[in-house]
Amino acid sequence: METTYSHEGWFRHVHLYNTYYQLVTHTPVKKKVAVLFCKTRKSAYICTKIIIKMRPFLLTILLMLPLLATVQNGRLTSGQSKVKMDALAKIEREQTIVYFIDSYNLAVVLKDDHYGVVAIDGHVVLPTEYSYITFENEVGLFGLFKDSENGVGFADHNGRLVLPFEFSGEYFFVGRNFFTNGMMSADRNGKFGIIDTAGRTVVPYVYDDRIEVCSADGKLMYVHSGDESSTCLLRFNGDTVIGPAYWMYNILSDSERQDRKPIFLVCRILDGAQPGSHDTLHGLYDGDGREIMPCRYNYVSTFHDGKAVVLKKGVGFGIIDINGREVVPCSGNLFHGEILFPLTSGLLVNYLDDRCGVIDTKGNVVIPHEYSYYVHDTRERIALSDTDDRLYIFDTKGNLTARYDEVYDFEESPSGFPVRNKGGKWGFLDNNLRLSIPMRYKDITQLDKNVFSVLLDDGQRGLIDTTGRMLFHGPYHSIERVCDGIFRVYSFYNTDNDRETTPYISGFIDLYGNTTLTDKETERMKHWKERHEHQQ
């Protein structure tokens, strides 16, 4: 039987082919024109001939379309997401998923107080026999800790042990990264050296004191003295770049590091002085050990937009740029108090008698010293808070433009922070100090860069995006992110445990509304929520 196609159907398919045609082929212009203008049966016939000749190539492209669509959308399709959720639910029938690694589709799981790793298809990558497991995102390795006697070992995403259990667990703690720039400080027989991810020795085990890779430059390392009172900066071949000094670190921000070589702030202690006092001198050096600014200031603040506040004891405060030049000369009449650092607007945060305020570079008070903490700033706004976590937002002239009764987790959220008004409703301020989500929720928590868990007036909990659009909601006590686009929801606690053995219900739900919860489980969640509200 001859297969027939409607003109509309042909045009839709040819248009789809054309989307990739121009990008991945170098066909003559006439053929591309034929594809672009297939508005008649004749032109569709011409296109058919072209497509038949290119059928093997186009078939490959078409097979890639679902993957390309997934990448363009930044998340899985609805069908893919549902399959992934079902697989996660199957894993959780035997153990608890602690966290998920999207890049490898692996879950770190907990069972009987021991940790392991399971792939999304259910096969065991690492057995549940470790006291804890961390994941080093930079190098794609799992840090495995059994006990202090065995130390720390490292395995790849296939479960293969690439670095044996011979590294000290002394510095092991949750969230710590061992590798910097693909290298790690290690000790062997009381000597320290540096190895790479394959265990190859980069720096020989010849140092008596602890060393660490300098994140500012992959070919530099810090060498600390045994009592941590002195640090040197060395090249991997052992040549000294800077040192010795009380401490040193790269002062450049992450954005500045992309465009410049490292610049180190170096602190030296004056003879007979106590560490941490103003009897220390600070200077600037580059990554080759060249002196940018001699150690002449008793205090140097963090750099903000290429500026830092400095102090000369007996003279006063001033401001330097990243090259060490004084843009505002040190003067005893310029500033008063302690702990100053520059803002993006050019103003300065100033603490006077443990109270926070803002001044200009001439020492004039812009915002009175009536607050407890600096929170955030932009070129146009400054946010301060008091001891009761009330938030105050000012413009650069010191005018109060907004006030909130509570600010929460302003150091934790990646793109802003939740705020509450007098009526008890929560919203969300973005990093520009603008209200991006209105004050309409009983509670709000950021789960990912673009999604928030919110508590609604009817007691249900839902998930919204940065525009406030409701993605899903239900009788949930809490919501947590599991992996990209998939979340775990929990019921309220079952207070009827004498009659039912289930303390709570949990399940997975995605951004499309797919869920692993059954209708019966959802009904029980509603019942437990209502009972909780009644008992309140």
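Residues numbered from 1 in each chain as written. Predicted model: local features only at pLDDT ≥ 70, side-chain atom pairs only at ≥ 80, totals over all residues. Heavy atoms only, no water.

## Let's talk about the overall build of the chain
- A count of helices and strands for the chain gives 7 helices and 42 strands.
- The proportion of buried residues among the 536 residues of the chain is 45%.
- A separation of at least 24 residues holds for 31% of the contacts in the chain among residues at least 6 apart in sequence.
- Accessible area of the chain: about 28800 Å², with a carbon and sulfur share of 49%. (Helix = DSSP H or I, 4+ residues; strand = E, 2+ residues; numbered from the N terminus. Buried < 20%, exposed > 50% of the residue type's maximum accessible area, 1.4 Å probe, protein only. Contact = heavy atoms within 4.5 Å. Areas by Shrake-Rupley, 256 points an atom, 1.4 Å probe, with all protein chains shown as cover.)

## Focus on helix 5 (residues 78–92)
- Under the 1.5 Å per step criterion, the end-to-end length of helix 5 is 21 Å for 15 residues, consistent within 8% with the ideal 21 Å.
- Where helix 5 is buried, its residues touch strand 1 (96–101), strand 2 (106–111), strand 3 (114–119), strand 40 (478–483), strand 41 (486–490) and strand 42 (506–510). (Expected span 1.5 Å × (residues − 1).)

## Some details on the packing of aromatic side chains
- Summed over all chains, the structure comprises 16 aromatic pairs.
- Between the aromatic rings of Y104 and F135, the centroid separation amounts to 6.0 Å while the plane-to-plane angle is 75°, which identifies the pairing as edge-to-face. With Y104 in the loop between strand 1 and strand 2 and F135 in strand 5 (residues 132–136), this residue pair connects regions lying 31 residues apart in the sequence.
- Of the aromatic side chains, those joined through ring pairs into one cluster are Y104, F135 and F142. (Phe/Tyr/Trp six-rings, centres within 6.5 Å; stacked < 30°, edge-to-face > 60°.)

## Some details on the pattern of salt bridges
- For the structure shown, the criterion picks out 26 salt bridges.
- The closest approach of N and O atoms between E380 and R381, which form a salt bridge, is 3.4 Å.
- For E380, a relative accessible area of 49% puts it in the partly exposed group.
- The class of R381 is buried, set by a relative accessible area of 17%.
- Across the salt bridge formed by D388 and R390, the nearest N and O atoms sit 3.1 Å from each other.
- Shared partners join several salt bridges into a network, and the residues in it are K84, D102, D448 and R481. (Salt bridge = Lys/Arg side-chain N within 4 Å of Asp/Glu carboxyl O.)

## Here we look at the side chain of N298
- Within the secondary structure layout, N298 lies in the loop between strand 19 (291–297) and strand 20 (299–300).
- Side-chain polar atoms of N298 contact the backbone oxygen of T280, separated by 3.3 Å. (Polar contact = N/O pair within 3.5 Å; in protein donor to acceptor, adjacent residues only side chain to side chain.)

## Points about the sheet that holds strand 18 (residues 280–286)
- Strand order across the open sheet formed by 4 strands is 16-17-18-19, with antiparallel pairing between neighbours. Here the strands that pair on one side only, and so sit at the sheet edges, are strand 16 (247–250) and strand 19. For this sheet, the mean angle separating the axes of adjacent strands, direction not counted, is 15°.
- Of the strand pairs in this sheet, strand 18 and strand 19 are connected by 3 bridges, and their pairing is antiparallel. (Pairing = 2+ DSSP bridges. Axes fitted to C-alpha atoms, helices over the stretch in contact; angles between N-to-C directions.)

## A few points about unusual backbone geometry
- A cis geometry characterises the amide bond from G243 onward to P244, with omega recorded as -10°.
- Within the secondary structure, P244 sits in strand 15 (residues 240–245).
- Positioned with a positive phi, N181 is a non-glycine residue whose angle comes to about 55°.
- For N181, a relative accessible area of 36% gives the class partly exposed.
- For N189, which is not glycine, the phi torsion reads 55° and is therefore positive.
- Looking at the secondary structure, you find N189 in the loop between strand 9 (183–188) and strand 10 (191–196).
- You can call N189 exposed: its relative accessible area is 78%.

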